[in-house]
Amino acid sequence: MDEELLPMIYETLLAHYGELQWWPAKTPYEVIVGAILTQNTSWVNVKTAIANFGANLSPESVANTDIAKLAETIRPAGFFNRKAAYLKAVTEWFERYSYDVFTIRQKPLSKIRAELLSIKGVGQETADSILLYAFGFPSFVVDAYTVLLCNRFPVETGKGYAAVKAYFENNLPQNAKIYNNFHALIVINAKKHCRKAACDGCPLSETCGKCRLIRDKNLSNTAHIL
Ligand code: SF4
């Protein structure tokens, strides 16, 4: 396994896009809400749902809002009844820590991750997004774009969420800032290039195996025509 590969990908993306200052939210609680609402929908819909809260997006207001009213508020994010129940559940958990991020940060990452995963509606990607972007724990977030990038290179991570997460965490410094930037960079590059295999202009085109394959195929097609 080439242990230089992930740092090289990270540095290349960082040099191209710069720091992306994720997550786009005003407060840690807004990150938590966004991490729930973004399940199975686009970020545009999440933004609309979050805007519906106006100035009232706080754990206290969500805890005190009737669930039917909460569902109506987040309707643009889809699956709104289900997501309203998830928001209530995660907010109840947050209340155990008096809605205090500092208190949570004093606890072991593994404990907080296990607690989050025990909440209905919080899967691994959502839990890691909350851990990393709301609380600043070094917990790498894996999503479909991460897997896509690994397949393109290819990077042999092993299958399944836990294997991919372990691969990234074992081959990068244990550093929340790097995990924060790297996940954001992977998402941005995938949206711009990789999900369409639009390799022209992709900052990884010199090193990516998939891109090399496409280039070689085009070259051999050209040679055939000549
Ligand atoms: S070079 Fe192409 S396949 Fe490789 S990461 Fe970039 S867009 Fe994806």
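Residues numbered from 1 in each chain as written. Predicted model: local features only at pLDDT ≥ 70, side-chain atom pairs only at ≥ 80, totals over all residues. Heavy atoms only, no water.

Even after reading the chapter, I still don't get helix α10 (residues 144-152), so can you show me in this structure?
Note: α-helices contain 3.6 residues per turn, so residues at a spacing of three or four share the same orientation. What α10 keeps buried is the set Tyr145, Thr146, Leu149, Cys150 and Arg152. Each buried residue of α10 lies within a common arc of 165° when the element is viewed along its axis, so the set occupies one face. Structural note: α10 exposes Ala144 and Asn151 on the side pointing more than 90 degrees away from its buried face. A distance of 3.1 Å separates the backbone nitrogen of Tyr145 from a side-chain oxygen at the start of α10, and that oxygen is part of Asp143. (Buried < 20%, exposed > 50% of the residue type's maximum accessible area, 1.4 Å probe, protein only. Helix = DSSP H or I, 4+ residues; strand = E, 2+ residues; numbered from the N terminus. Arc of directions from axis to C-beta. Polar contact = N/O pair within 3.5 Å; in protein donor to acceptor, adjacent residues only side chain to side chain.)

How do you make sense of the site of the ligand when you look at a structure like this?
Inspection of the region around the ligand gives Arg152, His193, Cys194, Ala198, Cys199, Cys202, Ser205, Cys208, Lys210 and Cys211 as its neighbouring residues. Here the residues of the shell around the ligand sort into 6 nonpolar, 2 polar and 2 charged. (Near = heavy atom within 4 Å. Nonpolar A, V, L, I, M, F, W, Y, C, P; charged D, E, K, R; others polar.)

Hey, could you run me through the nonpolar core in this one?
A general trend in soluble globular proteins is that nonpolar side chains are found buried together. Core analysis: the largest hydrophobic core is formed by 74 residues, its most contacted members being Leu116, Phe135, Phe168 and Phe182. Top contributing element to this core by residue count: helix α12 (residues 176-192), with 8 residues. When neighbours within four sequence positions are excluded, Leu116 is seen to be in contact with Val90, Trp93, Val122, Ala127, Ile130 and Leu131. (Core = buried A, V, L, I, M, F, W, Y, C linked by side-chain atoms within 4.5 Å. Contact = heavy atoms within 4.5 Å.)

Help me understand the pattern of salt bridges in this model?
Opposite charge on two side chains allows them to pair when their charged atoms are near. Applying the stated rule across the entire model yields 7 salt bridges. Put simply, Arg113 and Asp128 hold a salt bridge, and the shortest N to O gap is 2.8 Å. With Arg113 in helix α8 (residues 109-117) and Asp128 in helix α9 (residues 124-134), this residue pair connects regions lying 15 residues apart in the sequence. When sorted by exposure, Arg113 lands in the same class as Asp128, which is buried. A salt bridge links Lys165 to Glu169, with the nearest nitrogen and oxygen atoms 2.8 Å apart. (Salt bridge = Lys/Arg side-chain N within 4 Å of Asp/Glu carboxyl O.)

For this particular structure, what's the right way to read the packing of aromatic side chains?
Two descriptors summarise a pair of aromatic rings, namely the distance from one centre to the other and the angle between the planes of the rings. Within the structure shown, the criterion is met by 16 aromatic pairs. Their ring planes at 55° and their centres at 5.1 Å tell us that Tyr10 and Phe182 sit as a pair that is tilted. Here Phe182 lies in helix α12 and Tyr10 lies in helix α1 (residues 5-17), a separation of 172 residues in the sequence. Comparing Tyr10 with Phe182 shows no difference in burial state: the two are buried. For the pair Phe140 and Phe182, a centre-to-centre distance of 6.0 Å together with 80° between the ring planes defines the contact as edge-to-face. (Phe/Tyr/Trp six-rings, centres within 6.5 Å; stacked < 30°, edge-to-face > 60°.)

Help me out: how do you make sense of the side chain of Gln39 in this one?
With respect to the element layout, Gln39 can be found in the loop between α2 (28-37) and α3 (43-51). Every residue in contact with Gln39, bar those within four places of it in the chain, is listed here: Lys83, Tyr86, Gly121 and Thr126.

What exactly am I supposed to notice about the side chain of Glu30 here?
Tracing the chain through its elements places Glu30 in helix α2. It turns out Glu30 is buried and unbridged, and the closest side chain with the opposite charge, Lys26, is 4.1 Å from it. (Lys, Arg positive; Asp, Glu negative; His and termini not counted.)

It is not clear to me how the packing of α10 against α12 should be interpreted in this structure. Could you clarify?
Each packed pair of helices is defined by two parameters, the angle between the axes and the distance between the axes. One can describe the packing of α10 onto α12 by two numbers: an axis separation of 9 Å at closest approach and a directional angle of 75°. Taken together, the axes of α10 and α12 are roughly perpendicular relative to one another. Residues Tyr145, Thr146 and Leu149 of α10 form the contact with α12, whose own contacting residues are His183, Ile186, Val187, Ala190 and Lys191. (Axes fitted to C-alpha atoms, helices over the stretch in contact; angles between N-to-C directions. Parallel < 35°, antiparallel > 145°, perpendicular 65-115°, else oblique.)

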